[in-house]
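The primary structure of each chain is shown beneath.
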Amino acid sequence: MTDVPAYKLDPAPQGERTYTGPTRMERDSLGELPVPAEAYWGIHTERALINFPITGRSISVYSDLVNALAVVKQACARANKEIGSLDADKADLIDQICVRIRAGELHDQFKVGVIQGGAGTSTNMNTNEVIANAALVELGHPKGTYEHFSPIDDVNRSQSTNDTYPTSIKVAMSFTLRRLLDELARLTDALDAKAVEFRDVLKVGRTQMQDAVPMTLGQEFRGFAVTLREDYDRLEETIKWLSEVNLGATAIGTGITADPRYAAAASRHLAELTGLPIVTASDLIEATSDTGVFMTVSGALKRCAVKLSKICNDLRLLSSGPQAGLGEISLPAKQAGSSIMPGKVNPVIPEVVNQVAFAVIGSDATVTAASEAGQLQLNAFEPVITHQILQSLHWMTQACMTLRVNCIDGIEANHERLALMVGSSVGVVTALTPYLGYADSAKLAHEALTSHKSIADLVVDSGLMDRERVEKLLAPARLSGLQPVTQAMPVIVPEQLPEDERS
């Protein structure tokens, strides 16, 4: 029997990778390496491909990150041009190439892995090399002839990985977060629509998995919408915090190699290009080492994921059955549920959203650990923070979309089942406690459970109330609180009731 590897990864090369096609030689401070002749990346990227064969996923899987890297380089070029730190023609060419990248070009040239050592240096250099080689092509020079257009001296002018990379990932998170907010808004609107559709559908409420008092199905779905709208607000708040950047800090926050005018100019241009409320951090040394905002974003994401998962748990419970479960609602049938049991249909959409939530919870733990592990003037672990948060944002966006389109929009209420359950529930006796007292109401509840008679019949048979009065007090609108009677209903005294209801 042939051994099969448990997980297939590109082999880790020793020193260099082997290419069958034409290559060009590039040199850095460590020596020379061959690079594919047609590649827009260069030797720094090549070394990263050798050093970090970890995930099999390149940073280009996050288009928002590539676009953010480009827009930061674009803002830096404009700032350098404005203050005279870079030749205007070179700055304009960088600007033009960044526009092309943001339009979707050259994304396949962003090759470094999502998990990498070096605090993002490989990602920054991959970006610098792609822009520089694209500029060389525009100028009619061969790729790799950096004496004409340099990835470091020109594209990286006034910058360090330690300020451009954190700024880029904050911009990328803001871009992706905006899409999540759009989907979250659509999902809450869909839940609100179901709340309106089910506003008059009475059902049994439950606490601790036991029957409680009546409510409407509409109230239940309204609660789902409200709780997610709260998370929308919390997530939206984080965009402001992500917009405080350390651009101009260079290596550790002292601004070494950058003109004193550069930081303000770069932040202003970045704000104009992105539409984000970008501001320069008040203390660049603190901002360069601090990852608190990432914990805040990740924590808000986890909160939203947990609450979304709880909603999906409820949907699975409410739709359980269809014969031996609660069976109060029917979810859209999306696929056959069993390879052995004919006709079985499972709640696969809520299930997949649950799994996304589990992943987001795990990602938050990773972000927490990586943030804590930072040392002195820099956190070296921002690549894994970036990967985890961008993945969580993307997965949550897709989860909200599929939950809305493939589940919420098609939910139906099982009216007969709901009416039957409310009619036989002893929970309705709670509505009579202000009139009968707790002790008599408890006796009625116990008798209803043992005799299987309705509460209304028992009240009338006991002579405590006539049929008309019982039916009025147990009307669906009163039971669900849609017709306000007692506000919060803690203790009711006759003076608080309408005159015709005092007894």
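Below is a short write-up of the structure. All of these numbers come straight from a predicted model, not from anything done at the bench.

Reading guide: rules and limits
- Residues numbered from 1 in each chain as written.
- Predicted model: local features only at pLDDT ≥ 70, side-chain atom pairs only at ≥ 80, totals over all residues.
- Heavy atoms only, no water.
- Pairing = 2+ DSSP bridges.
- Helix = DSSP H or I, 4+ residues; strand = E, 2+ residues; numbered from the N terminus.
- 1 Å grid on protein atoms, 1.4 Å probe; cavity = no way out; pocket = protein on both sides within 12 Å on 5 of 7 lines; lining within 4 Å.
- Points joined across faces, edges and corners; volume = space filled by probe spheres on them.
- Nonpolar A, V, L, I, M, F, W, Y, C, P; charged D, E, K, R; others polar.
- Patch = residues over 30% accessible without salt bridge, like charges linked within 9 Å, V, L, I, M, F, W, Y side chains within 5 Å.
- Areas by Shrake-Rupley, 256 points an atom, 1.4 Å probe, with all protein chains shown as cover.
- Salt bridge = Lys/Arg side-chain N within 4 Å of Asp/Glu carboxyl O.
- Lys, Arg positive; Asp, Glu negative; His and termini not counted.
- Charge placed at Lys NZ, Arg CZ, Asp CG, Glu CD.
- Buried < 20%, exposed > 50% of the residue type's maximum accessible area, 1.4 Å probe, protein only.
- Contact = heavy atoms within 4.5 Å.
- Phe/Tyr/Trp six-rings, centres within 6.5 Å; stacked < 30°, edge-to-face > 60°.
- Lys NZ or Arg CZ within 6 Å of the ring centre and 35° of its normal.

Describing the pairing of strand 4 (residues 210-216)
Phase 1: Sheet topology note: the strand 3 (residues 202-207)/strand 4 ladder contains 5 bridges and is antiparallel. Paired with leucine 202 across the strands is threonine 216, a residue of strand 4.

What about the layout of surface pockets?
Phase 1: For the largest pocket, the calculated volume is near 420 Å³.
Phase 2: Together, 22 residues line the largest pocket, and Ser319, Pro322, Val345, Asn346 and Pro347 are the ones closest to its centre.
Phase 3: Mapped onto the lining of the largest pocket, the elements with two or more residues apiece are strand 7 (329-330) and helix 11 (348-372).
Phase 4: Here the element with the most residues in the lining of the largest pocket is helix 11; it accounts for 3 residues.
Phase 5: For the lining of the largest pocket, a count of residues per class yields 11 nonpolar, 8 polar and 3 charged.

As for a negative patch on the surface
Phase 1: On the surface, a cluster of negative charge is made up of Glu244, Asp283, Glu286 and Asp290.
Phase 2: With respect to the helices and strands, the residue glutamate 286 is situated in helix 9 (residues 284-289).

Observations regarding the pattern of salt bridges
Phase 1: Tallying each qualifying case throughout the model produces 28 salt bridges.
Phase 2: For the salt bridge of lysine 143 with glutamate 38, the shortest nitrogen-to-oxygen distance reads 3.8 Å. Here glutamate 38 lies in the loop between strand 2 (31-36) and helix 1 (43-51) and lysine 143 lies in the loop between helix 4 (121-139) and helix 5 (151-155), a separation of 105 residues in the sequence.
Phase 3: We note a salt bridge from aspartate 259 to arginine 261, for which the minimum N-O separation is 3.0 Å.
Phase 4: Classification of arginine 261 by relative accessible area gives partly exposed; the value is 49%.

Observations concerning helix 1
Phase 1: Among the 9 residues of helix 1, 7 are classified as buried, and the element is accordingly described as predominantly covered.
Phase 2: For helix 1, the set of buried residues is Ile43, Thr45, Glu46, Arg47, Ala48, Leu49 and Ile50.
Phase 3: Residues of helix 1 that are buried in the fold lie against strand 1 (23-28), strand 2 and helix 4.

Some details on empty space enclosed by the protein
Phase 1: Tallying each qualifying case throughout the model produces 1 cavity of 30 Å³ or more.
Phase 2: What the largest cavity holds in volume is close to 60 Å³.
Phase 3: Lining the largest cavity, in full, are Ile59, Tyr62, Leu65, Gly113, Val114, Gln116, Thr123, Tyr165, Pro383, Thr386 and His387.
Phase 4: Among the elements that line the lining of the largest cavity, the one with the most residues is helix 12 (residues 382-406), at 3 residues.
Phase 5: Considered class by class, the residues forming the lining of the largest cavity number 6 nonpolar, 5 polar and no charged.

Thoughts on the packing of aromatic side chains
Phase 1: Scanning all chains against the criterion turns up 2 aromatic pairs.
Phase 2: With centroids separated by 5.5 Å and ring planes inclined at 70°, the aromatic side chains of phenylalanine 198 and phenylalanine 221 adopt a geometry described as edge-to-face. With phenylalanine 198 in the loop between helix 6 (161-197) and strand 3 and phenylalanine 221 in helix 7 (residues 217-242), the pair connects residues that are 23 residues apart, well separated along the chain. Pair check on accessibility: phenylalanine 198 and phenylalanine 221 agree, each one buried.
Phase 3: Seen in terms of ring centroids, phenylalanine 221 and phenylalanine 224 are 5.3 Å apart; in terms of plane orientation they differ by 65°. Their pairing is edge-to-face. Of this pair, phenylalanine 221 and phenylalanine 224 both sit in helix 7, 3 residues apart, roughly one helical turn.
Phase 4: The class of phenylalanine 224 is buried, set by a relative accessible area of 5%.
Phase 5: Through pairs of rings, three or more aromatic residues link up here, namely Phe198, Phe221 and Phe224.
Phase 6: Its guanidinium or amino end placed over the ring of phenylalanine 149, lysine 90 lies 5.7 Å from that ring's centre, counting from NZ or CZ.
Phase 7: The ring centre of tyrosine 40 lies 3.9 Å from the NZ or CZ of lysine 143, which sits over that ring.

Digging into unusual backbone geometry
Phase 1: Following glycine 321, the chain continues to proline 322 via a peptide bond in cis, the omega torsion being 5°.
Phase 2: Mapped onto the elements of the fold, proline 322 is located in the loop between helix 10 (292-318) and strand 7.
Phase 3: The phi torsion at leucine 106 lies on the positive side, around 65°, for a residue other than glycine.
Phase 4: Positionally, leucine 106 belongs in the loop between helix 3 (88-102) and helix 4.
Phase 5: For leucine 106, a relative accessible area of 12% translates into the label buried.
Phase 6: Despite not being glycine, serine 158 has its phi angle at roughly 70°, a positive value.
Phase 7: Here serine 158 falls in the buried class, since its relative accessible area comes to 6%.

Keep in mind these numbers describe shape, not what the thing actually does.
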